[in-house]
Every structure is written in structure tokens, then in C-alpha cells.
Amino acid sequence: MITSKFFNMGQVVTTRSINDLMTAEEKFAVEVTVALQRYAVKDWGNLDDEENRQMRKP
């Protein structure tokens, strides 16, 4: 379960196709999990200044 100290992640779900792919391909499952973990800690990746300001608004 992935949680965030910044906001309620709610229930994280996937489509059946994505779930099947995550089951079949461990590398893909890890990539999805890491992406969700980054999101949970407000790691939005590389943003330009305007996007960064928008994401930082309370």
C-alpha cells in the first residue's frame, strides 16, 4: 500500500490489462510502483517554472 503524508492517495486501482502486465513483467510493476511512490511524496519530475508554481499551490 502506498500512502502519502501530504494528501489522501485514496484507493489506487488499475485496469485489468495493466494488472496483467504488472503480473507478467516485474520490471513494469516496479516502474509503476516507483512512479506512485514519487507522486506520493510530491516528486513531480522535471517541471518548468510555471508548472512548478502550479503544482506547489496549496
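Look up a bit, the structure's there.
In this text the structure is predicted, and so the values were computed from the model without any measurement. Numbers given to residues run from 1 along each chain, matching the order in which its sequence is written. For this predicted model, a pLDDT threshold of at least 70 governs which residues receive local features, and a threshold of 80 or more governs which side-chain atom pairs are given and counted, while totals over whole chains, interfaces and linings are taken from all residues. The side-chain figures draw on all heavy atoms in the structure; neither hydrogens nor water molecules are used.

(A) Representation of the packing of helix α1 (residues 16-24) against helix α2 (residues 26-40) in the model. Structural elements are reduced to axes, namely lines fitted to C-alpha atoms, with helices fitted over the stretch in contact, and the angle between N-to-C directions of any two is expressed from 0 to 180 degrees. Helix and strand definitions here come from DSSP, where helices need a minimum of 4 consecutive H or I residues and strands a minimum of 2 consecutive E residues; each element is numbered from the N-terminal end. Where α1 meets α2, the closest approach of the two axes is 5 Å, and the angle between their N-to-C directions is 120°. Regarding the angle of α1 to α2, the classification is oblique. Here Ile18, Leu21, Met22 and Ala24 of α1 lie close against α2, whose contacting residues are Glu26, Phe28, Ala29 and Val32. Orientation categories follow fixed angle ranges, with anything under 35 degrees roughly parallel, anything over 145 roughly antiparallel, 65 to 115 roughly perpendicular, and all other angles oblique. Two residues qualify as a contact provided that any one of their heavy atoms is within 4.5 Å of a heavy atom in the partner residue.

(B) Structural detail: the environment of Ala29. Mapped onto the elements of the fold, Ala29 is located in helix α2. Categorising residues by exposure relies on relative accessible area from a 1.4 Å probe, with only protein chains included: less than 20% of the type maximum marks a residue as buried, more than 50% marks it as exposed, and the intermediate range marks it as partly exposed. Look at Ala29 and you get buried, because its relative accessible area is 16%. With ten residues separating them in the primary sequence, Ala29 and Asn19 have C-alpha atoms 8.6 Å apart.

These figures come from the coordinates and say nothing about function on their own.
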